[in-house]
Amino acid sequence: MNNALPQGFVLNGVKSYTIVKPLHSGGFGITYLVKAEVMDGNIPIQAFYTIKEFFLAKSCIRDTNQNVVASSPSAQQLFADAKSNFLDEANVLHGLQHKNIVPVNEVFQQNNTVYYVMKYLGETSLEQYVRDNGGTLTEADAINILTSLAYAVGYLHDNKILHLDIKPNNIMVCREQGTVLPVLIDFGQACFPKSKNKVRGYSSGFSPAELKDVACCPDKTADVYSLAATLLSLLTGKTPEDAATITKAKIYRMMPDNISERTSDTIVRAMCSSPLDRLQSVQTFLASLLNDEGSETEAIVIRKSFSIKTVASIVAGIVLLVVCVFGIDFNHPADKQDTTTVDADSTSDVSLQPQKKDTAQKQQEKQEPTLPEKPQKNATPESKPEKPSATNQHTAIPQKQSGPTNGIVDLGYAVWTGETLNGKPHGTGTMRFKRNHSIAGCTNEAYSGCYVKGFCEKGVLMSGTLYDDSGNKMEDFVR
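This report concerns the structure included in the present document. (Residues numbered from 1 in each chain as written. Predicted model: local features only at pLDDT ≥ 70, side-chain atom pairs only at ≥ 80, totals over all residues. Heavy atoms only, no water.)

Now for the sheet that holds strand S16 (residues 473–478). An order of S11-S12-S13-S14-S15-S16 is seen for the six strands of this open sheet, with the pairing classed as antiparallel. Of all the strands in the sheet, just strand S11 (405–410) and S16 have a single pairing partner and so form its edges. Strand after strand, the sheet turns through a mean of 20° between neighbouring axes, direction not considered. Sheet topology note: the strand S13 (residues 424–433)/strand S14 (residues 451–457) ladder contains six bridges and is antiparallel. Counted as the bridge partner of Thr428 is Phe455 from S14. (Pairing = 2+ DSSP bridges. Helix = DSSP H or I, 4+ residues; strand = E, 2+ residues; numbered from the N terminus. Axes fitted to C-alpha atoms, helices over the stretch in contact; angles between N-to-C directions.)

Enumeration over the complete set of coordinates arrives at 12 salt bridges. A salt bridge links Arg278 to Glu210; its shortest N-O distance comes to 2.8 Å. Note that Arg278 is positioned in the loop between helix H6 (261–270) and helix H7 (282–289) and Glu210 in the loop between strand S10 (179–184) and helix H4 (220–236), a separation of 68 residues in sequence. By the burial criterion, Arg278 is buried, and Glu210 matches it. A salt bridge links Glu241 to Lys250; its shortest N-O distance comes to 3.2 Å. What makes Lys250 partly exposed here is its relative accessible area of 27%. Salt bridges linked by common partners bring Glu261, Asp265 and Arg432 together as one network. (Salt bridge = Lys/Arg side-chain N within 4 Å of Asp/Glu carboxyl O. Buried < 20%, exposed > 50% of the residue type's maximum accessible area, 1.4 Å probe, protein only.)

Evaluated as defined, the whole model comprises eight aromatic pairs. Both rings, one in Tyr17 and one in Phe108, keep their centres 6.4 Å apart while their planes meet at 5°; by these two values the pair is stacked. With a gap of 91 residues between them, Tyr17 in strand S2 (residues 16–25) and Phe108 in strand S7 (residues 104–110) connect regions that are remote in the sequence. Three or more aromatic residues joined by ring pairs form one cluster here, namely Tyr17, Tyr49, Phe108 and Tyr115. (Phe/Tyr/Trp six-rings, centres within 6.5 Å; stacked < 30°, edge-to-face > 60°.)

Attention shifts here to helix H3 (residues 139–158). Here H3 is 20 residues long and its end C-alpha atoms lie 28 Å apart, about the 28 Å a rise of 1.5 Å per residue gives. Once H3 ends, the next one or two residues include Lys160, with phi positive near 60°. (Expected span 1.5 Å × (residues − 1).)

Moving on to the nonpolar core. Within the largest apolar cluster, 88 residues are counted, with the highest numbers of intra-cluster contacts made by Leu227, Ile267, Met271 and Phe285. If we skip the residues at most four places from it in the chain, Met271 touches Tyr225, Ala228, Ala229, Leu232, Pro240, Ile246 and Ile251. Counting residues in hydrophobic clusters, the runner-up holds 14 residues, among them Phe433, Cys450, Cys456 and Leu461. (Core = buried A, V, L, I, M, F, W, Y, C linked by side-chain atoms within 4.5 Å. Contact = heavy atoms within 4.5 Å.)

What follows deals with the sheet that holds strand S1 (residues 10–12). If you trace the six strands from one edge of the open sheet to the other, you get S1-S2-S3-S4-S8-S7, paired in antiparallel fashion. The open sheet has two edge strands with one neighbour each: S1 and S7. This sheet shows a mean twist of 40° between the axes of neighbouring strands, independent of strand direction. As judged from the six bridges shared by S2 and strand S3 (residues 29–40), these two strands associate in the antiparallel manner. Along S3, the bridge assignment pairs Pro22 with Tyr32.

This part takes up the pairing of S7. Bridge analysis of S7 against strand S8 (residues 113–119) gives six bridges, and the strand direction is antiparallel. Paired with Val107 across the two strands is Tyr116, which belongs to S8. Connecting S7 to the antiparallel partner S8 that follows it, the hairpin turn spans two residues, and Asn111 within it adopts a positive phi of roughly 60°.

This is the structure we're talking about:
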């Protein structure tokens, strides 16, 4: 590694640290694995630490005595200001205490530069961890990791610190009591209170576009953007497109089919190109991701009227059920009605029509020869002997079905969030499209990112309103 201190070089802080090897080199510094002797009671043991050295790659060189100096006279002021800022920021980090932020043990100066000593976290970055686990993480695992990191970033924001370089390679993965512990490192681009640092880096795919402008004053939403981009990379195994070219539709197309609409929407809202359009804080990001803020939009309610035929079918089914359960005798003149056809306008008084009584009686007389000749002993005058056909045939008895429940259904081309029945969209809800899809009754074709708030029946989208990927209404439709 160019410009790194050699193996075996000794740095003197509170302890003497011997360099084992360099770990990482970036635009703002070089990180080393070092060892030092510590005492456990009366027993000396060897402990490992990580040391970050300030080294402004584009403006520094190392002389023959291993001192860090400006690479040219014109870079001297920049080097001096950046080193002063690094020292101030190292002292601020020394005062932070959060389990998901690398702890700084001490800060010291040597070789005309600044060093700070951190806990050694191993050498597995989040980027490496994902590769070692098949290239992607499950939605649950990715959210667990991002939730821990988001709380750490929120803690930084409460202390008026912006990290401004959140990405999988700046997150170390440790194990704590059998669970994964992500730890945020590398504060080389961070913005601290009263910081005068004008040197800022940019990580394509993870940094928002405004960080390309060194004159801009970034806010909390820059870190929110990077958190969402990191989550996207964990779910897809890919680095997102640069902020200058990525769009909502591209984010939706990147998303695996099994990712929930809640997570997809949160990432899209956090990665808006304009800081004003993003989720404005880590708290709102977490609320959206963990579904703590309620539904983003209320599902529209479309009342579906029942046809006369449907009403007739329901009435016939109820009558059949009552007959099967209670054995009601249709020989009774007051109860007999013709159920072969049902007129919804006359069902209330059909049993009172005398011509129906006569017809029923004639039918009964014709059926009598087929009945058993020997009457049952316990039969009452109003009871009707059981027909052989009723005992030999399996009569379908309507089963009571549970009503729709709320859930998420992945349809492949879209994700439905709302009421479901028997595993299919049924009722009101939102259908978010992952790719181009035609909708019956709709003049516009839905594209990736579009969504419908509407009504489904047995998995079929019947009616609703189509919106584009920015939430603008496109049209109402009915199948």
